Amino acid sequence: MSKKRILITGAAGQLGRVLTEALRIKYGKENVIATDINSAIEEFGLFEYLDILNIERLKTLIDQYKITEVYHLAAILSANGERNPAFTWNINLNGLLGILNLAVEMNLEKLFFPSTIAVFGNTTPQVNTAQNVPLLPETVYGMSKTSGELWCNYYHKKHGLDVRSIRYPGVIGWQSIPEGGTTDYAVEIYHAALKDQHYTCFLEKDTRLPMIYMPDVIGGTIDLMEAPKESISIRYGYNLSAMSFTPEEIAKSIQKLIPEFTIDYQPDFRQAIAASWSESIDDSQARNDWNWKPKYDLDLMTKDMIANLKK
Ligand code: SER
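What you see is a predicted model, and the numbers here were worked out from it, not measured in a lab.

Calculation notes
- Residues numbered from 1 in each chain as written.
- Predicted model: local features only at pLDDT ≥ 70, side-chain atom pairs only at ≥ 80, totals over all residues.
- Heavy atoms only, no water.
- Buried < 20%, exposed > 50% of the residue type's maximum accessible area, 1.4 Å probe, protein only.
- Helix = DSSP H or I, 4+ residues; strand = E, 2+ residues; numbered from the N terminus.
- Arc of directions from axis to C-beta.
- Contact = heavy atoms within 4.5 Å.
- Axes fitted to C-alpha atoms, helices over the stretch in contact; angles between N-to-C directions.
- Parallel < 35°, antiparallel > 145°, perpendicular 65-115°, else oblique.
- Left-handed = near helix turned anticlockwise from the far one by under 90°.
- Nonpolar A, V, L, I, M, F, W, Y, C, P; charged D, E, K, R; others polar.
- Polar contact = N/O pair within 3.5 Å; in protein donor to acceptor, adjacent residues only side chain to side chain.

Q: Help me get a handle on helix α2 (residues 55–64), residues and values and all.
A: Regarding α2, the residues found buried are Leu58, Leu61 and Ile62. Take α2 and look down its axis: the buried residues cluster within an arc of 100 degrees, on one side only. More than 90 degrees from the buried face of α2, the exposed residues found are Glu56 and Asp63. Buried-residue contacts for α2 involve β1 (6–9), β2 (32–36), β3 (47–49), β4 (69–72) and α4 (85–105).

Shown next as structure tokens:
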């Protein structure tokens with residue numbers, strides 16, 4: 001096996017920024033190349049401009065840096081995706097197809113593809129959603145990720161590609177700001193609680209969604225990528241669960257530390273998107289296959305979020 005050299009697409013995004021740093025700590029700064037169309041992260045280490053639709057450039061970078069693994073994070077999220085469906089499909093699905101092809105052509109050892117709870121839809125049982133359920137996503141983002149999962153599965157079966165994937169719940173972290181997602185409220189609310197002691201939520205107060213705290217996202221992703229090949233039984237997206245809560249419940253959790261915090265509700269188009277997703281997830285396959293176990297629940301996360309944002 002050659003020395004591990006990682007390339008990350010979408011490295012300036014909510015997850016990319018934190019994952020890039022974690023991978024650099026684990027595998028060495030010189031072995032992790034961040035790429036994005038946003039150069040804001042240039043100062044932190046090896047960075048290359050990359051539009052993921054420019055496959056020739058990606059090929060050159062893989063060659064130049066002797067890349068062995070790609071974490072393909074670049075994508076447009078659920079709410080932003082609805083504003084430009086054709087563009088979203090092109091970035092999310094054609095971007096992935098280009099990378100899948102290159103991965104086979106250039107013999108990459110591993111590929112990571114982030115999937116999402118947005119693959120679920122109104123035909124999916126919403127409580128304790130099992131791994132294999134009817135998928136009829138309501139958003140272009142969800143459609144592109146559902147199709148992406150199928151393509152990953154296909155490339156594994158057809159070409160033996162070692163592709164691994166997780167259906168992330170809504171991701172919450174203090175280090176970065178999400179852009180254009182439906183679960184973004186659960187990050188915004190902490191910033192608003194500290195700044196204004198008030199938040200106006202774009203979802204209804206009782207909209208329950210699966211969520212996960214950033215340290216669990218990073219730990220889970222690296223654990224999946226490090227797991228022995230034989231233990232990986234799913235090549236589309238592993239269900240992953242950490243916590244589930246409503247806007248009202250996260251507000252109450254914040255009020256335990258900031259009693260003057262208040263919340264009101266002005267639901268917009270994102271309410272229908274959230275309502276089509278699952279409330280809670282059965283992730284027993286991830287727990288069995290590669291020992292997934294989250295560390296953070298809602299109150300632990302709130303404590304850590306507020307402590308870090310105060311700094
Ligand atoms: N956090 C994403 C979104 O809200 C879901 O994967 O779009």
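That was the structure; now back to the text.
Q: An account of the packing of helix α6 (residues 185–195) against helix α8 (residues 247–255) is requested, with residue identities and associated values reported.
A: Remark: α6 packs on α8, axes separated minimally by 11 Å, with the N-to-C direction vectors making an angle of 30 degrees. The orientation of α6 with respect to α8, classified from their angle, is roughly parallel. Relative to α8, the crossing made by α6 is right-handed. Facing α6, whose interface residues are Tyr185, Ala186, Ile189, Tyr190 and Ala193, α8 presents Pro247, Ile250, Ala251 and Ile254. Considering only residue class, the contact of α6 with α8 consists of 9 nonpolar, no polar and no charged.

Q: Summarise the side chain of Gln131; cite the residues concerned and give the values.
A: If you trace the backbone, Gln131 turns up in the loop between β5 (110–116) and α5 (140–159). Taking relative accessible area as the criterion, Gln131 reaches 7% and is therefore assigned buried. Within the structure, Gln131 has its side chain in polar contact with the backbone oxygen of Gly237 (distance 2.7 Å). Among the polar contacts made by the side chain of Gln131, one reaches the main-chain amide nitrogen of Asn239 at a distance of 2.9 Å. Apart from residues no more than four positions distant in its own chain, Gln131 is found in contact with Arg167, Ile234, Tyr236, Gly237, Tyr238, Asn239, Asp282 and Gln285.

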